[in-house]
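Chain residues, written in single-letter form:
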Amino acid sequence: MKLFSISLLAILVVFSYGCSSNLGSTVNEPFSGRSYMSNARYFKATGKGVSHNENVSSTKADMEAHKTLAQQVSTSIQVVADNYMQDVQGEHVNEAVEVFKSLTREITNTTIVDLRQTGSKKYIQDDGKYAVYVAYEIKKAAMFRFLKKMAKAETQIAPLVRTQVIRMCDDEISRLEE
């Protein structure tokens, strides 16, 4: 009986090692760890670009990372604006939130503020294509400081709306720096 149990166990072990997963093998790409994910203080994003042309692959990687960052900033701004609308009531609140969102779109469409490249790796693959990986980060508080600066400089919005936008930025900056 003991011999039967041991041989059955041995067969099961050999069988389990012989079976492969249908999911395939894992791929370890650069900048894929936890330290390259957004957190409470930073928006972070990575990008990958593959092309036969080295410059094109770099541009693709940068564009992918910038797109991801812009989406994160946009989502964060939406959350801040929604929270502000729930906390504050008044006739100019909706206008202030729209100006706030508009300033954010303007920033993400032109220049992403305080953008730092935290890593870049370039490989040439077996088929002659270049694979470029990049990692970027933006400090959230710096982004809101820039939004505040833009709101102060904006001359086409009402003073009360400007004050509310600046207050939204100040509230978020103080929350992030706690």
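Residues numbered from 1 in each chain as written. Predicted model: local features only at pLDDT ≥ 70, side-chain atom pairs only at ≥ 80, totals over all residues. Heavy atoms only, no water.

Quick look at the overall build of the protein
- The helix and strand inventory of the protein stands at five helices and three strands.
- What you see in the protein, going N to C, is helices and strands ordered as α-β-α-α-β-β-α-α.
- Counting the 178 residues in the protein, one finds 34% classified as buried.
- Counting only contacts in the protein whose residues sit at least 6 apart along the sequence, the fraction spanning at least 24 positions is 64%.
- Carbon and sulfur atoms form 53% of the exposed surface of the protein, whose accessible area is close to 11,600 Å². (Helix = DSSP H or I, 4+ residues; strand = E, 2+ residues; numbered from the N terminus. Buried < 20%, exposed > 50% of the residue type's maximum accessible area, 1.4 Å probe, protein only. Contact = heavy atoms within 4.5 Å. Areas by Shrake-Rupley, 256 points an atom, 1.4 Å probe, with all protein chains shown as cover.)

What to know about the pattern of salt bridges
- Scanning the model with the defined rule gives seven salt bridges in all.
- A salt bridge links Lys-122 to Glu-54; the nearest nitrogen and oxygen atoms lie 2.7 Å apart. Highlighted residues: Lys-122 in strand 2 (residues 115–124) and Glu-54 in helix 2 (residues 54–87), separated in sequence by 68 residues.
- As a salt-bridge pair, Arg-145 and Glu-177 come within 2.0 Å of each other at their nearest N and O atoms. Here Arg-145 is found in helix 4 (residues 140–153), whereas its partner Glu-177 is found in the segment after helix 5 (159–176), with 32 residues between them in sequence.
- A residue is classified by how much of its surface remains accessible, and Glu-177, at 46% relative accessible area, is partly exposed.
- The network of salt bridges with shared partners includes Lys-44, Arg-116 and Glu-137. (Salt bridge = Lys/Arg side-chain N within 4 Å of Asp/Glu carboxyl O.)

Thoughts on the packing of helix 2 against helix 4
- It is the contact of helix 2 with helix 4, at a shortest axis distance of 12 Å, that shows an interaxial angle of 70°. Considered as vectors, helix 2 and helix 4 are oriented roughly perpendicular to each other. Remark: the crossing between helix 2 and helix 4 carries right-handed chirality. Side by side, helix 2 and helix 4 meet where Val-73, Ser-76, Ile-77 and Val-80 of the first sit next to Met-143, Phe-144 and Leu-147 of the second.
- Considering only residue class, the contact of helix 2 with helix 4 consists of six nonpolar, one polar and no charged. (Axes fitted to C-alpha atoms, helices over the stretch in contact; angles between N-to-C directions. Parallel < 35°, antiparallel > 145°, perpendicular 65-115°, else oblique. Left-handed = near helix turned anticlockwise from the far one by under 90°. Nonpolar A, V, L, I, M, F, W, Y, C, P; charged D, E, K, R; others polar.)

A short note on helix 2
- Taking 1.5 Å per residue as the helical rise, helix 2 with its 34 residues ought to reach 50 Å, and the 50 Å between its terminal C-alpha atoms agrees with that figure.
- With a side-chain oxygen lying 2.9 Å from the backbone nitrogen of Asn-55, the N-terminal cap of helix 2 falls on Asn-53. (Expected span 1.5 Å × (residues − 1). Polar contact = N/O pair within 3.5 Å; in protein donor to acceptor, adjacent residues only side chain to side chain.)

Focus: the side chain of Ser-57
- For Ser-57, the position within the fold is in helix 2.
- Classification of Ser-57 by relative accessible area gives buried; the value is 0%.
- Contact partners of Ser-57, with chain neighbours within four places excluded, come to Gly-49, Val-50, Ser-51, Tyr-130 and Val-132.

As for the packing of helix 4 against helix 5
- The contact between helix 4 and helix 5 brings their axes to 9 Å, and the two run at 165°. In terms of axis orientation, helix 4 runs roughly antiparallel to helix 5. The interaxial crossing formed by helix 4 with helix 5 has left-handed handedness. In this structure, helix 4 contributes Lys-140, Ala-141, Phe-144, Arg-145, Leu-147, Lys-148, Ala-151 and Lys-152 to the contact, and helix 5 contributes Arg-162, Val-165, Ile-166, Cys-169, Asp-170, Glu-172, Ile-173 and Leu-176.
- A per-class count over the contact of helix 4 with helix 5 returns nine nonpolar, no polar and seven charged.

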